[in-house]
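The chain contents come next:
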Amino acid sequence: MKEIKEYVNANKQRFIDELVEFLTIPSVSADSKYKADVERAAEWVKKSLLNAGADKAEVHPTKGHPIIFGEKIIDKKLPTILVYGHYDVQPPDPLDLWHSPPFKPVIKDGKIYARGACDDKGQVYMHVKAFELMMKKSMLPCNVKFLIEGEEEVGSESLGGFVKKNKRMLEADIILISDTDIIANDVPSITIGLRGLSYVQVEVTGPNRDLHSGVYGGAVPNPINVLCEMIDSLKDKDGHITIPGFYKDVVKVSPKDRKELNRAPFSLKEYKKDLDINDIRGEKGYTTLERTSIRPTLDVNGIWGGYTGEGSKTVIASKAYAKISMRLVPNQDPDKMTELFSKHFQKIAPKSVKVKVTPHHGGAPVLLETTSVGYKAASKAMETTFGKKPIPTRSGGSIPIVALFSKELGIDSILFGFGLNSDNIHSPNEHYGVFNYLKGIETIALFYQNYAEMASK
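Residues numbered from 1 in each chain as written. Predicted model: local features only at pLDDT ≥ 70, side-chain atom pairs only at ≥ 80, totals over all residues. Heavy atoms only, no water.

Chemist: Which parts of the structure should I look at to understand the pairing of strand E16 (residues 391–395)?
Modeler: When a strand is regular, its side chains alternate between the sheet's two faces. Alternating positions in E16 separate cleanly, Ile 391, Thr 393 and Ser 395 being buried on one face and Pro 392 and Arg 394 remaining unburied on the opposite face. Sheet topology places strand E8 (residues 189–194) next to E16; five bridges connect them, and they run parallel. Residue pairing across strands places Ile 190 opposite Pro 392, the latter belonging to E16. (Buried < 20%, exposed > 50% of the residue type's maximum accessible area, 1.4 Å probe, protein only. Helix = DSSP H or I, 4+ residues; strand = E, 2+ residues; numbered from the N terminus. Pairing = 2+ DSSP bridges.)

Chemist: Help me understand a nonpolar patch on the surface in this model?
Modeler: There is a patch of nonpolar side chains on the surface, built from Phe 266, Leu 268, Tyr 271, Leu 275 and Ile 277 and spanning about 390 Å² of accessible area. Checked against the element boundaries, Leu 275 lands in helix H8 (residues 268–275). Owing to a relative accessible area of 44%, Leu 275 belongs among the partly exposed residues under this scheme. (Patch = residues over 30% accessible without salt bridge, like charges linked within 9 Å, V, L, I, M, F, W, Y side chains within 5 Å. Areas by Shrake-Rupley, 256 points an atom, 1.4 Å probe, with all protein chains shown as cover. Salt bridge = Lys/Arg side-chain N within 4 Å of Asp/Glu carboxyl O.)

Chemist: Would you explain the packing of helix H3 (residues 121–136) against helix H13 (residues 434–455) in this entry?
Modeler: What describes two packed helices is the angle between their axes and the distance between those same axes. Relative orientation of the contacting elements H3 and H13 amounts to 50°, with a least axis distance of 8 Å. When the axis of H3 is compared with that of H13, the two are oblique. In this structure, H3 meets H13 at a crossing whose hand is right-handed. For the pair H3 and H13, the contacting residues are Gly 122, Tyr 125, Met 126, His 127, Lys 129, Ala 130, Phe 131, Leu 133 and Met 134 in the first and Asn 436, Tyr 437, Gly 440, Ile 441, Ile 444, Ala 445, Tyr 448 and Gln 449 in the second. A breakdown of the residues in the contact of H3 with H13 according to their chemical character gives eleven nonpolar, five polar and one charged. (Axes fitted to C-alpha atoms, helices over the stretch in contact; angles between N-to-C directions. Parallel < 35°, antiparallel > 145°, perpendicular 65-115°, else oblique. Left-handed = near helix turned anticlockwise from the far one by under 90°. Contact = heavy atoms within 4.5 Å. Nonpolar A, V, L, I, M, F, W, Y, C, P; charged D, E, K, R; others polar.)

Chemist: How do you make sense of the sheet that holds strand E14 (residues 354–363) when you look at a structure like this?
Modeler: Strands belonging to one sheet form pairs held by backbone hydrogen bonds; the direction of such a pair is parallel or antiparallel. Pairing is antiparallel across the open sheet formed by four strands, whose spatial order is E11-E13-E9-E14. The outermost strands of the open sheet, each flanked by one partner alone, are strand E11 (297–305) and E14. Recorded for the sheet is a direction-independent mean angle of 20° between the axes of neighbouring strands. Along the sheet, helix H6 (residues 223–232) contacts strand E9 (196–205), E11, strand E13 (319–328) and E14; its crossing angle with E13, the most-contacted strand, is approximately 20°.

Chemist: How should I be thinking about the packing of aromatic side chains in this particular structure?
Modeler: For any pair of aromatic rings, the description rests on two quantities: the centre-to-centre distance and the angle between the ring planes. The full count for this structure, using the stated rule, is 15 aromatic pairs. With a centroid separation of 6.2 Å and an interplanar angle of 45°, the aromatic rings of Tyr 7 and Phe 15 are classed as tilted. For Tyr 7, a relative accessible area of 13% translates into the label buried. Above the ring of Phe 386, the side-chain terminus of Lys 439 is found at 5.9 Å from the ring centroid. (Phe/Tyr/Trp six-rings, centres within 6.5 Å; stacked < 30°, edge-to-face > 60°. Lys NZ or Arg CZ within 6 Å of the ring centre and 35° of its normal.)

Chemist: Looking at this structure, I do not really get the sheet that holds strand E18 (residues 431–433). What am I missing?
Modeler: An order of E4-E5-E18 is seen for the three strands of this open sheet, with the pairing classed as antiparallel. Lying at the two open borders of the sheet, with one neighbouring strand each, are strand E4 (106–108) and E18. Along the sheet, successive strands turn relative to each other by an average axial angle of 25°, direction set aside. With three bridges connecting them, strand E5 (residues 111–113) and E18 associate as antiparallel partners. Along E18, the bridge assignment pairs Lys 111 with Gly 433. Sheet strands in contact with H13 are E4, E5 and E18, and its direction is about 60° off that of E18.

Chemist: For this particular structure, what's the right way to read the pattern of salt bridges?
Modeler: Pairs can form between side chains of opposite charge once their charged atoms are near each other. For the structure shown, the criterion picks out 20 salt bridges. When the shortest N-O distance is used, the salt bridge between Arg 14 and Glu 132 registers 2.6 Å. Placement of the pair is Arg 14 in helix H1 (residues 2–23) and Glu 132 in helix H3, with a sequence separation of 118 residues. Overall, Arg 14 belongs to the partly exposed group, its relative accessible area being 31%. On the accessibility criterion, Glu 132 (4% relative accessible area) is buried. Between Glu 290 and Arg 258 there is a salt bridge whose closest N-O contact spans 2.7 Å. Of the two residues, Glu 290 sits in helix H9 (residues 288–291) while Arg 258 sits in helix H7 (residues 255–261), which places them 32 residues apart along the sequence. When its relative accessible area of 2% is taken as the criterion, Glu 290 is described as buried. Owing to a relative accessible area of 26%, Arg 258 belongs among the partly exposed residues under this scheme.

Chemist: Sorry, what's going on with the environment of Ser 379 here?
Modeler: Tracing the chain through its elements places Ser 379 in helix H11 (residues 373–386). A relative accessible area of 6% places Ser 379 in the buried class. As for Ser 379 and Lys 389, which are separated by ten residues in sequence, their C-alpha atoms are 6.6 Å apart. Setting aside residues up to four positions removed in sequence, Ser 379 forms contacts with Ile 190, Lys 389 and Pro 390.

Chemist: Got a minute to help me understand the nonpolar core in this structure?
Modeler: What tends to happen in soluble globular proteins is that the nonpolar side chains get buried as a cluster. Ranked by internal contacts, the top residues of the largest apolar core, which has 90 residues, are Phe 416, Tyr 437, Phe 447 and Tyr 448. At eleven residues, the largest contribution of residues to this core is made by H13. Filtering out sequence-adjacent residues up to four positions away, Phe 447 remains in contact with Ile 81, Leu 176, Gly 374, Ala 377, Ala 378, Ala 381 and Phe 416. With 27 residues, the next largest nonpolar core counts Leu 298, Ala 320, Val 329 and Phe 345 among its residues. (Core = buried A, V, L, I, M, F, W, Y, C linked by side-chain atoms within 4.5 Å.)

Chemist: Help me understand unusual backbone geometry in this model?
Modeler: Across residues other than glycine, the phi torsion is negative in most instances, and most of the peptide bonds are trans. The amide bond that connects Asp 93 to the next residue, Pro 94, takes the cis arrangement and shows omega of -5°. If you trace the backbone, Pro 94 turns up in the loop between strand E3 (80–86) and E4. Note the cis peptide between Asp 119 and Asp 120, where omega equals 5°. By the secondary structure assignment, Asp 120 is in the loop between E5 and H3. Of note in the backbone geometry, Ser 156 takes a positive phi value of approximately 50° without being a glycine. Position of Ser 156 among the secondary structure elements: in the loop between strand E6 (143–149) and helix H4 (159–165).

What is shown is where atoms sit, not what they do.
Here's what the structure looks like:
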């Protein structure tokens, strides 16, 4: 541990400077105008892996954005760790809410502010630097492979095909993923559960063209009004989702596990203060921690239609749209949930409008074991660097590739994230703590040592 800390301390400014350079590349996968920047980020990752000591690092083109594969094989008889991450980032909008430009990183109060700082460039780069550390100090005790993609923020559309075609190349004993968070800097945790996802777009059509609201208002169906009414009906007064069969496959969490989940430090007062809200809302009968981890949800992620420009335009729009996501829990199949939603949304539509539901990306929920060698190695590493044994937690987010890796490669994953809930991922002013970044490098390096030792017994 001493050698690890000394190397991190001696190189911490360089580590920070390199991450800042990485963050200046606007690798937004959702917007085609950033295509060249996404490709530039892929080349940057490749170069970083080679500089860190990889035997090889390759950029693999796909129908979408490139995938980088790198590896260092020191002995095929030793355990192999496969590191997964993504270099693409969310769109930075709305730009006017950023305190500083999203792709001109600023370090303030011990935090690096930039789009992708935490999700996931900062966390990916921890692995590159931990690998560099082990190579430079001749301490690498196992083989390491890297799989870094550029489409995670748009559903990892190319990854499934790539994994299926390259199973041999990706053979490993465990997968290490840093795309999650810890409870607090003084309360370490390891994510053992992820919710799944079903994401759809709905379109409601009324008249065949936009109409004058004075001439037609009161007689012709307004698609925006109808859409709002339909969305409102998807939950009852207790926050219970009303889609028939939605809860049928939900696994009931035992009182013991619910108690363990609620052991995590949580202040409702601080939670509301941080979000600047006066009260919370959610499914009746569950705590905030339970609502955001072990219960399924349904949320509108965007809604639009009609005139939204400056000034006024008295119009009844022809169409209205919404994007809706459902977070799923163990045993809920994303394809089945999408089908249930589609049938129900069509059924509740009044005859005065036409409805279209378009499925987007989704993913299966995941629940990992705390008895595995990988979890024990991660727990021991985190206990050493943080000085406290980490708490196993379930995340409200989704990482669909975890289920993909399990299905296609037969490999379990360790969700070894170091971000915080307050890091504003997917929001303006995203940031990542310098403490978390450097502590992550130390902890990942220790994981290598722990896992190689435990797996060989």
